[in-house]
Amino acid sequence: MTVNTIIRRFGLSEKNTLAQKWQDLEQRADCSVFLSWLWIGNWLDLVKEPIYVIESYQGDNIVGLGFFVEKTRRVLGIYPVKQCWLHRTGNAKQDQIWIEYNDFLLDSQCEKVVRGEMIKALCHDKNSASIQEIVVGLSSPCVLKAFSRVFDQSRTVIASRGYSVDLEAIKHGYLQDILSKNTRSQLRRSHKLLNSQGTLSFRVVTNKQQILSLLPKIADAHIGRWQGSVEGSGFTNSVFTTFHQGLINNDESNVVQVAVLSLEDNDIGYLMNFVYDQQVYFYLSAITKTFDSKIKIGMTLHSEAIQYYSAQGLKIYDFLGGEARYKASLSNHGYDLNMVCFYKNHPVLRMEDLLRKAKALLPPYL
C-alpha cells in the first residue's frame, strides 16, 4: 500500500475546504466524538499558535488527517526545544477543553498502516525536521505504541484510568446485570431518601436552545464545586466557555445532550454528555445542591442516564478518563488513556530526562 503524506501550514481561510475532507473521512473512520468535525472545527477557531495540517492519500483518496500546533519550550530555561502537539496547543488554558481518545483521523480500512506513515512523516518530513518532541494524548495504548515504534525516547506526562459500561451486556436490567449488591443498595437508599423529600424526576435535554439556557446554571454549580481545586472549573475560563457555546450552536445532530435530575420543580444535578456513533461520552457533571452523604446525587444521575441510553439502544456509556470510585462502581470495563511526550535521541533531552529521574528519587522534603 502506497501512502503519500503531506505536512503544511494551515490557515483558517481554508477551513471550509478542510471541513469537507474531514467530514468525508469521518464517515469512513472508526473514531470518537473528539475527532468529529464538530469538536475539531470548533477547536481550530480558538487556536492562536501556528497550526499545521497533515494529510495522507492513497492515490486521490484521503485516508488520514490531523492537526498539530507548534510550541517552543526551553530546557533548563536555556536550550530551545521545538514541540508539536496533536490536536492540542500545550497551553493549559486552551487545552482545558480536554480532548480524549486523541489520534489522527484515519480510514478504518487501513488505519494501522496510515497512522505509521503519518508518524514517520512527522519525524522526518522537511517541514517538521526541526521538531524534537511530539506530545500525544490522552490516547489509547495502541495509538501510543505506534508512536513508540518511531521515536527513540518517551516519557509519560499523564497516566489516566477510564471506565465504561457495555450497554449491550445488559440483558435483564442495568442494576442487576452490572452493579454489585453494595452499589445497588446505595442507589436504592438514595432514591428512597430523595423521594421522601418530594417527587424525583429525570429527563434528557437535546434541544440546543434549551441546553444553552441551562448552561449558566450548569456553570454556576460546576464553579461552586471545582473553583477551589487544583484543576479549577473550566467555566471560569473564557476559552472553555466559548468553545462549548460554539459546540452547542454548531450541533445539528443532537450530539450534545444534558441529563437532568430534578426534585419537585428544582434541578439538583446535571450531566453534559456527548452522544456520537452509538456511544455516550460523559463529559462533565454539576450538582446544584448539597445533601446528606447517604444521598448519592451523582451516582443516581448516572444510573438513570445509563438506563435511559440503554433503552435507546446505544452501545457504550463511557465515563472517560479520571480515576474515581463511583465510575468503577457503575461500570463493567476499565481501560487506560495516557498522555506521552515522544522525543528524539538528543543529548540535551537525554540529560534532562536523567535529571528528571534523579529528582524523582529524592526524598520529598528536599
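Shown above is the structure to which this text applies.
Residues numbered from 1 in each chain as written. Predicted model: local features only at pLDDT ≥ 70, side-chain atom pairs only at ≥ 80, totals over all residues. Heavy atoms only, no water.

1. Quick notes on the state of the cysteines
Then, in step 1: Per the stated rule, a full pass over the model turns up zero disulfides.
Then, in step 2: In this structure Cys31 is not part of a disulfide, and its nearest cysteine sulfur, from Cys142, lies 13 Å away.
Then, in step 3: Judged by relative accessible area, Cys31 falls into the buried class, the value being 10%.
Then, in step 4: Cys341 supplies the cysteine sulfur nearest to Cys84, a cysteine that is in no disulfide, at a spacing of 9.5 Å.
Then, in step 5: Owing to a relative accessible area of 1%, Cys84 belongs among the buried residues under this scheme. (Disulfide = S-S within 2.5 Å. Buried < 20%, exposed > 50% of the residue type's maximum accessible area, 1.4 Å probe, protein only.)

2. Digging into the packing of helix H2 (residues 37-44) against helix H8 (residues 238-249)
Then, in step 1: Running from N to C, H2 and H8 cross one another at 135 degrees; their axes reach a closest spacing of 9 Å. Relative to H8, H2 is oriented oblique. Between H2 and H8 lies a crossing whose hand is right-handed. On H8, the residues that touch Leu38, Trp39, Asn42 and Trp43 of H2 are Phe243, Gly246 and Leu247. (Axes fitted to C-alpha atoms, helices over the stretch in contact; angles between N-to-C directions. Helix = DSSP H or I, 4+ residues; strand = E, 2+ residues; numbered from the N terminus. Parallel < 35°, antiparallel > 145°, perpendicular 65-115°, else oblique. Left-handed = near helix turned anticlockwise from the far one by under 90°. Contact = heavy atoms within 4.5 Å.)

3. Focus on the packing of aromatic side chains
Then, in step 1: Tallying each qualifying case throughout the model produces 23 aromatic pairs.
Then, in step 2: Taking 6.1 Å as the distance between ring centres and 40 degrees as the angle between the ring planes, the aromatic pair formed by Phe151 and Phe342 counts as tilted. Of this pair, Phe151 sits in the loop between helix H4 (141-148) and strand S7 (153-166) while Phe342 is found in strand S13 (residues 333-343), placing the two residues 191 residues apart along the sequence.
Then, in step 3: Among the residues examined, Phe151 registers a relative accessible area of 6% and is labelled buried.
Then, in step 4: A centroid spacing of 6.4 Å and a plane angle of 40 degrees characterise the contact between Tyr309 and Tyr317, whose relative ring orientation is tilted. For the pair Tyr309 and Tyr317, a shared accessibility class is recorded, and that class is buried.
Then, in step 5: Here Arg88 stacks its cationic end above the ring of Trp98, 4.7 Å away from the centre of that ring.
Then, in step 6: One residue, Arg225, lies across the ring of Trp226, its end atom 4.1 Å from the ring centre. (Phe/Tyr/Trp six-rings, centres within 6.5 Å; stacked < 30°, edge-to-face > 60°. Lys NZ or Arg CZ within 6 Å of the ring centre and 35° of its normal.)

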